[in-house]
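Here is how the chains run, residue by residue.
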Amino acid sequence: MPDLPPPSLRLRLDPGALAANWRALDRMSGAARAGAAVKADCYGLGTERCVPVLREAGAARFFVAHWSEVPAVLRHADPAQVSVLHGPLAQADVVFARESGVRPVINSLHQARLWTAGGGGPCDLMVDTGINRLGIGMAELSDPAIAALSVDTLMSHLACADEDSAMNAGQLARFREACGLVPARARSLANSAGIALGPGYHFDLTRPGLSLYGGVPCPGLEGQIRQVAFPQAAVIQLRRLGRGDSVGYNATFTADRDMAAAVVSLGYADGFLRPWGGRGALAYEGVRLPLLGRVSMDMVVVDASAAPLLREGDWLDVPYSLPEAAAATGLSQYELLTVLGRRFAR
Ligand SMILES: *Cc1c(COP(=O)(O)O)cnc(C)c1O
């Protein structure tokens, strides 16, 4: 197989911004230390590139969701720094945790028993304080299966941290109660938005994810977080449209004049989803080029009238300031990051 030619899609990462975001979130965490949620391949940006930067910035605790995500993180972090949020589902997970040295997050009495029966050792414990997702119930905390655990980090997860909601104070009160019931080396409650709720929510360790990668989930983080991911796509063809010509599937755009159009190597298979169609724009050296018609699987077409010097092979910027992109498309900032596809050169 000969060497592959250069790609027509690339995802530029600003490592300085990633490091600065971790430091800003660590600073805002006050006396607590900030860890890093690195699940889902660092929210789609690439574990291989992000974890070394986060580690260099000072992050010393990493959270993944699946066991399958552990090996990539262990290339750059010590096993004792890595926690697996989904916890052990079966004996094979327990064996893997014990042999690799990473810590399972125990989420149920079943998982607690599985872990202890498999030999146990330090683990983390997730208590459910109201999100009703993963986590042991408050009433189960006094169960002997929990007393048998050696808990490193006791944690809970906020349901509404990005909103001014009464849920937050309620979950905080229940988490404090849980801290009084379960001896642990450290306590952790806040995700990115939770950090902005103030010192009462910080405990010993915070667990930012989204905001490391440029997401701004709440007003309290505005002005603190820099954009990290900059997608770019190449022009694969220039064409002229005449008055009355339509563009793309279902002919949803019709030209009302002669105009220049550019076909771009970016489509919904790359995570550039259909809500961008009709309202989004790409940019050439800062000049806005509106999308024409629908997003296809592998292509979009833009109005190139404003960029007479544009050539085939030139790179266009995909506007990816996450708060603005979310407002434009109706997609969440989390979705916008994690959908970016495998065809982007990372
Ligand atoms: C994903 C996740 C985080 C990170 O949340 P963000 O909102 O991305 O900051 C923290 N804790 C748990 C348990 C998570 O699942």
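Everything here concerns the structure above.
Now for a look at the structure at hand.

Quick notes on the rules
Residues numbered from 1 in each chain as written. Predicted model: local features only at pLDDT ≥ 70, side-chain atom pairs only at ≥ 80, totals over all residues. Heavy atoms only, no water. Buried < 20%, exposed > 50% of the residue type's maximum accessible area, 1.4 Å probe, protein only. Helix = DSSP H or I, 4+ residues; strand = E, 2+ residues; numbered from the N terminus. Arc of directions from axis to C-beta. Contact = heavy atoms within 4.5 Å. Near = heavy atom within 4 Å. Polar contact = N/O pair within 3.5 Å; in protein donor to acceptor, adjacent residues only side chain to side chain. Areas by Shrake-Rupley, 256 points an atom, 1.4 Å probe, with all protein chains shown as cover. Core = buried A, V, L, I, M, F, W, Y, C linked by side-chain atoms within 4.5 Å. Phe/Tyr/Trp six-rings, centres within 6.5 Å; stacked < 30°, edge-to-face > 60°. Lys NZ or Arg CZ within 6 Å of the ring centre and 35° of its normal.

Let's talk about helix 3 (residues 47–57)
Regarding helix 3, the residues found buried are Thr47, Cys50, Val51, Val53, Leu54 and Ala57. For helix 3, the buried positions fall inside an angular range of 165° around the axis, keeping them on one side. On its buried side, helix 3 packs onto strand 1 (9–13), helix 1 (15–28), strand 3 (36–37), helix 2 (39–43), strand 4 (62–64) and helix 4 (70–74).

Let's talk about the site of the ligand
Close contacts around the ligand come from 14 residues, with Lys39, Tyr43, Ser192, Leu210 and Tyr334 the closest. Take Lys39: an N or O atom from its side chain is 2.6 Å from an oxygen atom of the ligand. In this structure, Ser192 approaches the ligand through a side-chain N or O atom, which is 2.6 Å from an oxygen atom. The protein chains hide 92% of the 380 Å² of surface that the ligand would expose on its own.

Regarding the nonpolar core
Core analysis: the largest hydrophobic core is formed by 99 residues, its most contacted members being Val38, Leu54, Leu125, Leu154, Tyr213 and Leu282. If we skip the residues at most four places from it in the chain, Tyr213 touches Leu18, Ala37, Val38, Cys42, Tyr43, Leu45, Cys50, Leu54, Val228, Leu322 and Leu337. Core analysis: the second largest hydrophobic core is formed by eight residues, Leu241, Ala255, Ala261 and Val301 among them.

Topic: the packing of aromatic side chains
Applying the stated criterion across every chain yields a total of six aromatic pairs. With centroids separated by 6.0 Å and ring planes inclined at 85°, the aromatic side chains of Trp67 and Phe96 adopt a geometry described as edge-to-face. With Trp67 in the loop between strand 4 and helix 4 and Phe96 in helix 5 (residues 91–100), this pair connects stretches of sequence that are 29 residues apart. Under the relative-accessibility criterion, Phe96 is labelled partly exposed at 33%. Cluster of aromatic residues (ring-pair linked, three or more members): Tyr43, Tyr213 and Tyr334. Seen from the ring of Trp315, Arg10 lies directly overhead, with NZ or CZ sitting 3.8 Å from the centre. Over the ring of Phe230 we find Arg12; its NZ or CZ atom is 4.6 Å from the centre of that ring.

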